[in-house]
Amino acid sequence: MKDSYANIKKAVSRYRNILIYIKGSPDPDAIASSFAFKCLCSMFNVNSTIVATTILSLQENREFVRLTDIPIQFEKAINDIDGYDAYAVLDHQSAHVDRLTGRIPCAVHIDHHEAVEDDIPADFRLIDLDAGSTSTLMTLIFREFNFQFKPSEMKVIATSLLFGIRTDTDKLMHACEIDHIAVSYLMEHADTGIIENLERISLSKISVEYLSLAIENQFIYKDWVITGIGFIDEKNRDTIAVIADYLLEKENYSTVIVFAAIVKSSRRLVLDASFRTNNENMDLNAIIKEITEQGGGRKYKGAFQVNLDFFSYCPDKKLLWELIRLTAIEALTKRRDKIYVTEIKGFYNMLKHKISSILDNK
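The structure contained in this document is the topic of the report that follows. (Residues numbered from 1 in each chain as written. Predicted model: local features only at pLDDT ≥ 70, side-chain atom pairs only at ≥ 80, totals over all residues. Heavy atoms only, no water.)

### Observations concerning unusual backbone geometry
Thinking step 1. With phi around 55°, Asn146 is a residue other than glycine that occupies positive phi space.
Thinking step 2. Mapped onto the elements of the fold, Asn146 is located in the loop between α4 (134-145) and α5 (151-168).
Thinking step 3. Relative accessible area serves as the criterion here: at 48%, Asn146 is assigned to the partly exposed category. (Helix = DSSP H or I, 4+ residues; strand = E, 2+ residues; numbered from the N terminus. Buried < 20%, exposed > 50% of the residue type's maximum accessible area, 1.4 Å probe, protein only.)

### What about the packing of helix α2 (residues 28-43) against α5?
Thinking step 1. Look at α2 against α5: their axes get within 8 Å of each other, and the N-to-C directions meet at 150°. On the basis of the axis angle, α2 is roughly antiparallel to α5. Here α2 and α5 pass one another in a crossing that is left-handed. On the side of α2, the interface is formed by Pro28, Asp29, Ala32, Ser33, Phe35, Ala36 and Cys39, while α5 contributes Val156, Ile157, Ser160, Leu161, Phe163, Gly164, Thr167 and Asp168. (Axes fitted to C-alpha atoms, helices over the stretch in contact; angles between N-to-C directions. Parallel < 35°, antiparallel > 145°, perpendicular 65-115°, else oblique. Left-handed = near helix turned anticlockwise from the far one by under 90°. Contact = heavy atoms within 4.5 Å.)

### Let's talk about helix α7 (residues 192-199)
Thinking step 1. Those residues of α7 not exposed but buried are Ile194, Ile195 and Leu198. Projected down its long axis, α7 carries its buried residues within an arc of 95°, all on one side.
Thinking step 2. In this structure, the buried side of α7 is in contact with α3 (59-68) and α5.
Thinking step 3. The N-capping residue of α7, defined by a side-chain oxygen 3.0 Å from the backbone nitrogen of Gly193, is Asp191. (Arc of directions from axis to C-beta. Polar contact = N/O pair within 3.5 Å; in protein donor to acceptor, adjacent residues only side chain to side chain.)

### Re the packing of α5 against α7
Thinking step 1. Direction vectors running N to C along α5 and α7 enclose 40°, while the axes themselves pass 9 Å from each other. Of the possible angle classes, the one that applies to α5 and α7 is oblique. You can see that α5 and α7 cross each other, and the crossing is right-handed. Of the residues in α7, those in contact with Thr159, Leu162, Phe163 and Arg166 of α5 are Ile194, Ile195, Leu198 and Glu199.
Thinking step 2. Along the lines of polarity and charge, the residues of the contact of α5 with α7 split into five nonpolar, one polar and two charged. (Nonpolar A, V, L, I, M, F, W, Y, C, P; charged D, E, K, R; others polar.)

### With respect to the sheet that holds strand β2 (residues 47-52)
Thinking step 1. Strands sit in the order β3-β2-β1-β4-β5-β6 across an open sheet of six strands; the sheet is parallel. Edge positions in the open sheet fall to β3 (72-74) and β6 (124-127), since each of these has one partner strand only. Going from strand to strand, the sheet's axes swing by 20° on average, the running direction of each strand aside.
Thinking step 2. Sheet topology note: the strand β5 (residues 106-111)/β6 ladder contains four bridges and is parallel. Its bridge partner lying in β6, His109 is registered against Arg125. (Pairing = 2+ DSSP bridges.)

### Remarks on the pairing of strand β8 (residues 224-233)
Thinking step 1. Burial analysis of β8 places eight of its ten residues in the buried class, the great majority of the element.
Thinking step 2. The pairing of strand β7 (residues 219-221) with β8 spans three bridges and is classified as antiparallel. The partner of Tyr221 across the bridge, within β8, is Trp224.
Thinking step 3. Looking at chain direction, β8 and strand β9 (residues 255-264) are connected through eight bridges and run parallel. Bridging from a neighbouring strand, Val225 pairs with Val256 of β9.
Thinking step 4. You can see the chain leave β8, run along helix α9 (residues 239-250) and come back into β9, and the turn it takes is right-handed. (Right-handed = clockwise from strand over helix to strand, strands pointing away.)

Below you can see the structure in the form of structure tokens.
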């Protein structure tokens, strides 16, 4: 790991201006780890800008960015990259970014999900499945470098990273050893009052409305709950994951899948699904990859997206939703029928990973 910490400095320092791109919907882990990386760049005298092309849809996430004043530029698309000589991706399986990859190099890729095969080259790549969040990995990098920030700056960095860790580990319920090491380091600097306030934010009115639909439309198959909540505006897309978290906590089933059709501008339509499970042997990444390459998973959580642009021309939205709903349920139940194979695969992958970690530590 010490070699990795030295290599990230080498990778970053060769550039003047790095675009830090948040892929997908910006959640606290992606936001916090991207912000920490921006601060790391500043310590190496490298300019950087955080850019996202998806707006914040959850009240909790909007309040998080407001309270910490994290600088994120929200753009409809990446068009003008003049001035940037590299980019970075944090908290995503793949470093590939449309309109960036092939035009400028990927300087840094840091993540805690299952790696994508044949991913694009990056000057520095750190993928660690032992970590419950990418914020954990960024915290350990900060801990190793022992950067000397002003107390006020360190408070914002630590608060952001701590919230990122708590969010992705379900308030430390699924935290592992290195997550706890990271939390212990951050607690010396973080403003826990901000985190307490963020975690007290209740479900929004729109979330409650969609939750009612999710409960009403539940399709129970063996020990899975599958539910569709209809068409959702893009600004509310994170509601899907919120509902999946809520149902897994409240319902007595091993796995919950919530899906919806995300309505975007200019006849854009995407099927978006969130997986949640309490089965530690379930290989969510393998299950999702069998459905589509446009998604992935890690222990306990996953998601996928399927482009439906062509069907946006359908004049009968009720009929279109019924087609989407029936197709999604059919695809998901077929995956459930194969679950025994993926559970065995997940168990042996976990065993292989643990044995490898033991050998690496000797």
